[in-house]
Protein chains: 2
Amino acid sequence: MRSQRFSKSCRASVLVATALGVFGTAGNLMAQALKDVQAADSPLVLKAQGSFFVGGEKVEQTQGELGDLGPGGHISVNQMYVRYMVPQGGDGNPPVVMVHGATLTGKSWETTPDGRMGWDEYFVRRGHPVYVPDQVGRGRSGFNQAVFNNTRAGSAPAASLPRWLRFSDEGVWPNFRIGPKAGQPYPDTQFPVTALDELSKQGVPDVSFGGIPTPNPTLKALADLAGQLNGAVLMGHSQSGSFPLAAALLNPAAMKGLVLVEPGTCPANYTDEQIATLAKVPILVVFGDYRDTPTGIPALPTWQGRYEACQAMIGRIKNAGGQAEMLSPTEIGSRGNSHMIMQDKNHLQVADLILKWIGERVSKPGTQKK
Amino acid sequence: MRSQRFSKSCRASVLVATALGVFGTAGNLMAQALKDVQAADSPLVLKAQGSFFVGGEKVEQTQGELGDLGPGGHISVNQMYVRYMVPQGGDGNPPVVMVHGATLTGKSWETTPDGRMGWDEYFVRRGHPVYVPDQVGRGRSGFNQAVFNNTRAGSAPAASLPRWLRFSDEGVWPNFRIGPKAGQPYPDTQFPVTALDELSKQGVPDVSFGGIPTPNPTLKALADLAGQLNGAVLMGHSQSGSFPLAAALLNPAAMKGLVLVEPGTCPANYTDEQIATLAKVPILVVFGDYRDTPTGIPALPTWQGRYEACQAMIGRIKNAGGQAEMLSPTEIGSRGNSHMIMQDKNHLQVADLILKWIGERVSKPGTQKK
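In this report, we go over the structure that sits alongside the text. Numbering of residues starts from 1 in each chain and follows the order in which that chain's sequence is written. Chains and ligands are labelled by the order in which they are written, letters from A for the one and numbers from 1 for the other. For this predicted model, a pLDDT threshold of at least 70 governs which residues receive local features, and a threshold of 80 or more governs which side-chain atom pairs are given and counted, while totals over whole chains, interfaces and linings are taken from all residues. For side-chain calculations, the full set of non-hydrogen atoms in the structure is used, while hydrogens and water are omitted.

What follows concerns the relation of the copies chain B and chain A. Only residues with pLDDT of at least 70 in both copies contribute their C-alpha atoms to the least-squares superposition of the copies. Once turned by 180 degrees and shifted 0.0 Å along the axis, chain B lies on chain A with an RMSD of 0.0 Å. This pairing of chains is accounted for by a two-fold axis. Considering only C-alpha atoms, the part of chain B nearest the rotation axis is G139 of chain B, at 1.9 Å. Working rule for contacts: check all heavy atoms of both residues, and any pair within 4.5 Å makes them a contact. When the interface residues of chain B are mapped onto chain A, 100% of them again lie at the interface, so the same face is used by both copies.

Residues W119, F123 and I354 of chain A together with W119, F123 and I354 of chain B are the most contacted members of the largest nonpolar core, which totals 84 residues. The residues contacting F123 of chain A, other than those within four sequence positions of it, are V96, M98, H128, V130, M235, A351, I354, L355 and I358 of chain A. As used in this record, nonpolar core signifies buried Ala, Val, Leu, Ile, Met, Phe, Trp, Tyr and Cys residues forming a set joined through side-chain atoms within 4.5 Å. Exposed residues in this analysis have more than 50% of their type's maximum accessible area, buried residues have under 20%, and partly exposed residues fall in between, with area computed by a 1.4 Å probe over protein chains only.

Between chain B and chain A, the residue contacts involve 92 residues of the former and 92 residues of the latter. We define buried area as the total accessible area lost by two parts upon association, computed with a 1.4 Å probe and summed across both. Summed over both partners, the interface of chain B with chain A buries about 7,900 Å², with 53% contributed by carbon and sulfur atoms. Only one rule defines a salt bridge in this text: a Lys or Arg side-chain nitrogen within 4 Å of an Asp or Glu carboxyl oxygen. For the pair chain B and chain A, the interface holds 12 salt bridges. In this structure, R140 of chain B engages D134 of chain A in a salt bridge whose closest nitrogen and oxygen atoms are separated by 2.8 Å.

Here we take up helix 7 (residues 217-228) of chain B. Relative to the 16 Å expected for 12 residues at 1.5 Å per residue, helix 7 of chain B spans 16 Å between its end C-alpha atoms, a close match to the ideal helical length. Any N or O atom pair separated by 3.5 Å or less is treated as a polar contact, with the protein-specific requirement of one donor-capable and one acceptor-capable atom, and with residues adjacent in sequence counted only for side-chain atom pairs. Here a strand is any run of E in DSSP of at least two residues, a helix any run of H or I of at least four, and the numbering for each starts at the N terminus. Sitting at the amino-terminal end of helix 7 of chain B is N216 of chain B, which places a side-chain oxygen 2.9 Å from the backbone nitrogen of T218 of chain B. One less than the number of residues in a helix, times 1.5 Å, gives the span that helix is expected to have.

Residue and element names in this part refer to chain A. Of the grid points, spaced at 1 Å and generated over the protein atoms alone, those admitting a 1.4 Å probe that cannot get out make up cavities, while open sets with protein on both sides within 12 Å along at least five of seven lines make up pockets; any residue with an atom within 4 Å of a point is treated as lining. Grid points are joined across faces, edges and corners, and a volume is the space filled by probe spheres set on the points. The space that makes up the largest pocket amounts to roughly 600 Å³. Every element with two or more residues in the lining of the largest pocket is listed here: helix 8 (243-250) and helix 10 (303-319). The leading source of residues in the lining of the largest pocket is helix 8, at four residues. Note on residue categories: nonpolar means Ala, Val, Leu, Ile, Met, Phe, Trp, Tyr, Cys or Pro, charged means Asp, Glu, Lys or Arg, and polar means any other residue, Gly included. Tallied by class, the residues present in the lining of the largest pocket amount to 17 nonpolar, 11 polar and one charged.

Cis geometry marks the peptide bond from T214 of chain A to P215 of chain A; its omega dihedral reads -5 degrees. Considering the arrangement of structural elements, one finds P215 of chain A in the loop between helix 6 (196-201) and helix 7 (217-228). Backbone geometry at D68 of chain B places phi at a positive 65 degrees, although glycine is not the residue there. Within the secondary structure layout, D68 of chain B lies in the loop between strand 2 (44-61) and strand 3 (73-87). A positive phi angle is found at E262 of chain B, which is not glycine, with a value near 45 degrees. Among the structural elements, E262 of chain B can be located in the loop between strand 7 (255-261) and helix 9 (272-278).

Before going further, it helps to examine the packing of helix 7 of chain B against helix 8 (residues 243-250) of chain B. Residue and element names in this part refer to chain B. Between helix 7 and helix 8, the least distance of the axes is 8 Å, while the angle of their chain directions is 65 degrees. For the pair helix 7 and helix 8, the crossing hand works out as right-handed. The segment helix 7 lies against helix 8, with T218, L219, K220, L222 and A223 engaging F243, A246, A247 and L250. Grouping the constituent residues of the contact of helix 7 with helix 8 by class yields seven nonpolar, one polar and one charged. Between N-to-C directions, angles span 0 to 180 degrees; the directions come from axes that are lines fitted to C-alpha atoms, helices contributing only their stretch in contact. Crossing handedness: left-handed means the near helix sits turned counterclockwise from the far one by under a right angle, and right-handed means the same turn made clockwise.

Looking at the secondary structure, you find T151 of chain B in helix 4 (residues 146-153). Setting aside its immediate chain neighbours within four residues, T151 of chain B contacts T151, A158 and L161 of chain A together with A156, P157, A158, S160 and L161 of chain B.

The subject of this paragraph is the pattern of salt bridges. Counted under the stated rule, the structure contains 36 salt bridges over all chains. Here K58 of chain A and D197 of chain B are joined by a salt bridge, their closest N and O atoms 2.4 Å apart. Of this pair, K58 of chain A sits in strand 2 (residues 44-61) while D197 of chain B sits in helix 6 (residues 196-201), each in a different chain. In this structure, K58 of chain A and D197 of chain B share a single accessibility class: buried. Put simply, R177 of chain B and E262 of chain B hold a salt bridge, and the shortest N to O gap is 2.5 Å. Remark: E262 of chain B occurs in the loop between strand 7 and helix 9 and R177 of chain B occurs in the loop between helix 5 (169-175) and helix 6; sequence separation between them is 85 residues. The pair R177 of chain B / E262 of chain B is uniform in exposure class, with both members buried. One network of salt bridges, with partners in common, ties together R83 and R140 of chain A together with E110, D120 and D134 of chain B.

Right, let's talk about the packing of aromatic side chains for a bit. Stacked, tilted and edge-to-face are the three classes applied to pairs of Phe, Tyr and Trp rings, where Trp contributes its six-membered ring and a pair requires centres within 6.5 Å; stacked means planes under 30 degrees apart, edge-to-face means over 60, and tilted covers the rest. The final tally for this structure, using the stated rule, is 28 aromatic pairs over all chains. Ring geometry for F143 of chain A and W164 of chain B: centres 5.0 Å apart, planes at 90 degrees, overall edge-to-face. Note that F143 of chain A is positioned in the loop between strand 5 (130-134) and helix 4 (146-153) and W164 of chain B in the loop between helix 4 and helix 5, a pairing that runs across two chains. Of the two residues examined, F143 of chain A and W164 of chain B, each falls in the buried class. Residue class for W164 of chain B comes out buried when judged on its relative accessible area of 0%. The rings of F143, F148 and W164 of chain A together with F143, F148 and W164 of chain B are connected pair by pair, giving a single aromatic cluster. We note R291 of chain B situated over the ring of Y307 of chain B; from NZ or CZ to the ring centre the distance is 3.6 Å. Two conditions define a charge sitting above a ring: the NZ of Lys or the CZ of Arg must be within 6 Å of the ring centre, and it must be within 35 degrees of the ring normal. The ring centre of W303 of chain B lies 3.7 Å from the NZ or CZ of R306 of chain B, which sits over that ring.

Structure (structure tokens):
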């Protein structure tokens, strides 16, 4: 069934992609994103906004490790940058922490590639304080540069360098399920395909796979942030889709709810004790469409495989008396949602379903609902 | 005179620093920054907020250059991330673009290290749309990772790697003029010394010195951004202190005014033609105190040397009929301002002086004042 739809859509979409000229070649990108940015109909009234850091540690480094300009000494590493907005009059609604995926930053949750309001602002407008971190190792959280300078100076072997990961624009099409191949959008894709060049600009090199400590400092930072907020809903996406689970195991008392958006993994190896802990927290898993599209990355299973792993985890949590649910495309009432569901054309409808779930399942601070 | 004050303050401040325990050693930083964040007395009412990119280009890279996970193909590099807030009811006031300095990100302008309102929000509350970029190569703008992955794979020599620069906490004291030496704050320093560990967390590795194209793509991106805004005040700090000048030479018609906060350089080699161009734009240069403190970095002159270079440039611009001014500590009416003047304890008083200058010297969109 699905393969039939694929082949039909492929034929139709070659023309679409050609007409759109979606793909830039080497050279300047001509898109002028500012002109596409849309203002909301009504003002955004904030009680507060700003930014701060969670976690971090001091390490001592040599002048060479610091880039050989100023004197050696201590620097901070592994801190997590967080930007936040608190709505006026939203008192009592749980804060929502939105964590981005691989090769991306907190930008994922801000203005969409085609200039529509991001989930960060929408959740604020719906009364929730919103906290958007950059994962440790990326964006405004920075990374530990010592090994790179040591290699440059010849005092560390090149093989000791961690890899920097980015996804090519071409690879994003099947992996993010915008279409089965580059330049071939699904006819009903919800992703704003004409803005793919703007999604491309959101990419940053990702050193998570070897260049940050184990366990990932972001996990404890998220657990600590939820504690500092006196309870929060943690929302992860893709690579960070399982981070709320890990943070909940570190600090279960601070978790008001967990939202796993297109999680890269739902671990199958949790102990019964861990499942019992997760059973105390409301959990929602959200997946888009076209999950059986091959990712185009041999090391990565299909998203359908991950969906099924999450179904299995949900089953274990429910058997342990917990509240875990799957929000499937059918429930959303729409086909064609991509991996970047928070940027899809129907992103506010999806957000409404998550907000409804929070309203029904998540207790307000100082209360117990469940 | 100055050296006398130095020696007195040094003696006094050793005790202060010891009592404060300002310096962490290796290990977890205990500061919990969120608890220090202060909310404003009145709500912030925004017509719009969000983020977008300016500039960027597509390059084609191999699977190895992309970190050897997904397929090779095109990625975007050299784009500039910009976050913005537009106040409700501020129509007619020129937008202000705030650019950060070396080893830092746009975070410089947000909530101060000790939790006070940043200049970004303050300028919005005073009616100006504010745009805060991350320089190309840093933060959410990302960088080109190919050479690092090639070196790791052995296909590029280690010597081809660009350096990553960071400043040690100890080096920041004299270079940012918080005190003559680490742990010895000037008794009248305006920097919130107890929050130095939070300033430390703002540091990220900086690949500007060899790892980005020449000329720095941020310069054209700033010139383009000012054009897209139909005119803007460009504000640079430290390393980017001269960026507004460079952007003005690229796109003079889009410059409503230039504010150079503690600029790392005021170029002495501008041609008379370039000076004539700069003479068409109101320019304000802002410097803090203790400028004759040795920077502790042999390659870098004192800030007094740079102050004098800026005075010379101001002189040339005035001789060419332009409006260029120096805002000196005496005019601010207060001693002890540091290099991080936008985070100093009297940062809003300094902001008020800049806002006053904008009000007097900078024309509103669609008008000509001068």
